[in-house]
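Listed below, chain by chain, are the residues.
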Amino acid sequence: MEELEEDLTCSVCYSLFSDPRVLPCSHTFCRICLEQVLQASVSASVWRPLRLPLKCPSCRSVVELPSNGVDALPLNVCLRAIVEKYQRDRRPPTCPEHPRQPLNVYCVQDRQLICGFCLTTGQHQGHAIDDLQTAVLKERGARGRLTERLEGQRWDEVRGRAERLAQERERSRALLQSERQAVSRFFQSLDLILAQKEQQCMQAVERAAELLDRAYDPLVQQLKDMQEEHTQLLSLSSSVESEECPLEYLEQVHQLSERVNAVMQTPLPEIPSMHLAPRVESFLQEHWSDLTITALRDAPVPDISWSSAEGAGPRRGPPAPALLIIIITLLLTALCVVSVCGAPPALSELTQMLHQMGTALFCLLQSISTFTSSVGEDIYQHLLSFLKTLH
């Protein structure tokens, strides 16, 4: 039927013959198509006023028509009967803009079937066209190339990063688990006050766990979505091959191509390497080892957070001038107390006074910010060492 339709198609409008007229050179065209060719020939040539020039669109031979023009050409009755019978038997879809004109030309630019009038005088004028079956054959190779891109190195990278991300997350969670165990070991021998401190430290660890999930969950979900999208595209690629409708097949291949391009252009997420600071076990050993039960109420709680590997480094202590200023301030305060009280206090009382002032100063620095807290801890340790030398 496709070969028969090609023989019944006008080479000017690419539609089935409508009112076919035969030229002296034996070529046949639609009457309206010959009228358009005749109009163009008359405007470009100078002929005798009683004869009209018509150049055959196929062999380019010139025919002189009488004054009544194309109507003087003989009607190809046999061809018209064949076209009418073919239309009754085949009944192809007709153009919605040009009634009774079959959709027998595939517009490559708009990816749809059009009629001959859409191509010559309609909105598809000048667009690239092709035969529907030829276009399908061309796109079959394109689908295979898209599938190869989906199954190439990109997919291996996605799977590799997903595995590395899962391993890094488990490692970080193992660190958090060790922190929980350290907290439990340290607080097992203490009573109600220790239980309250244990709860506070646990909350700090859980806040760090929440921060960890916030950092990893979006990356895990992104890679999971990319894997699901890849699986869907592979399934869609297989289902496209079984599509029998040419138009639907071309549209599905085009959609598949757009989705594959979007997947290939999506950047892969970087795998962060998180570091925990401070570590609970060392923090508790440093700040809780010398505390008495009375001082447990004011004992500090670690403020745990995550940082990237690039930003990790040794913690710097407070600058020497800042420590010196604080020590001088404490000494001047002690002297003022001595001058107000009259009698100088004993060395142990002065030590206890400076110790309490250092503790209060440390708690004040800790409440300002994390950075100030870390500075205050070092200052507090230096003060303790200084006060011990006074005994």
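In the nomenclature of an unreviewed UniProt entry, the chain corresponds to Tripartite motif-containing protein 59 from the organism Carassius auratus.

Q: Could you give me a rundown of the environment of A72, with the residues and numbers involved?
A: Relative to the elements of secondary structure, A72 occurs in the loop between β4 (62–65) and α3 (77–90). A residue is classified by how much of its surface remains accessible, and A72, at 37% relative accessible area, is partly exposed. Between the alpha carbons of A72 and R21 there is a distance of 9.2 Å; along the sequence they are 51 residues apart.

Q: Now, about the pattern of salt bridges: what can you tell me, with residues and values included?
A: As enumerated under the stated definition, the model contains 14 salt bridges in all. A salt bridge links R31 to E35; its shortest N-O distance comes to 2.4 Å. Residue R31 and its partner E35 are both found in helix α2 (residues 31–44); the two are separated by 4 residues, about one turn of the helix. Of the residues examined, E35 reaches a relative accessible area of 34% and is grouped as partly exposed. Note that R173 is salt-bridged to D213, the shortest N-O span being 3.7 Å. Of the two residues, R173 is situated in helix α6 (residues 153–187) and D213 in helix α7 (residues 192–241); the sequence distance between them amounts to 40 residues. On the accessibility criterion, D213 (26% relative accessible area) is partly exposed. Within this structure, D19, R21, R31 and E35 form a network of salt bridges that share partners.

Q: Break down the sheet that holds strand β6 (residues 112–114) for me, citing the residues and quoting the values.
A: The antiparallel open sheet is built from 3 strands, whose spatial order is β6-β5-β7. Looking along the sheet, the strands with just one partner apiece sit at the ends: β6 and β7 (129–130).

Q: Now, about the nonpolar core: what can you tell me, with residues and values included?
A: By size, the foremost hydrophobic cluster in this structure holds 28 residues, and its most contacted members are L176, F187, L284, W288 and W306. Those elements that place two or more of their residues in this core are α6, α7, β8 (274–277) and α9 (280–288). Ignoring sequence-local partners within four residues, the contact set of F187 consists of L194, K197, E198, C201, L284 and W288. L8, L23, L34 and V37 belong to the second-largest nonpolar core, a separate cluster that totals 21 residues.

Here is what the cut-offs are and how they apply
Residues numbered from 1 in each chain as written. Predicted model: local features only at pLDDT ≥ 70, side-chain atom pairs only at ≥ 80, totals over all residues. Heavy atoms only, no water. Helix = DSSP H or I, 4+ residues; strand = E, 2+ residues; numbered from the N terminus. Buried < 20%, exposed > 50% of the residue type's maximum accessible area, 1.4 Å probe, protein only. Salt bridge = Lys/Arg side-chain N within 4 Å of Asp/Glu carboxyl O. Pairing = 2+ DSSP bridges. Core = buried A, V, L, I, M, F, W, Y, C linked by side-chain atoms within 4.5 Å. Contact = heavy atoms within 4.5 Å.

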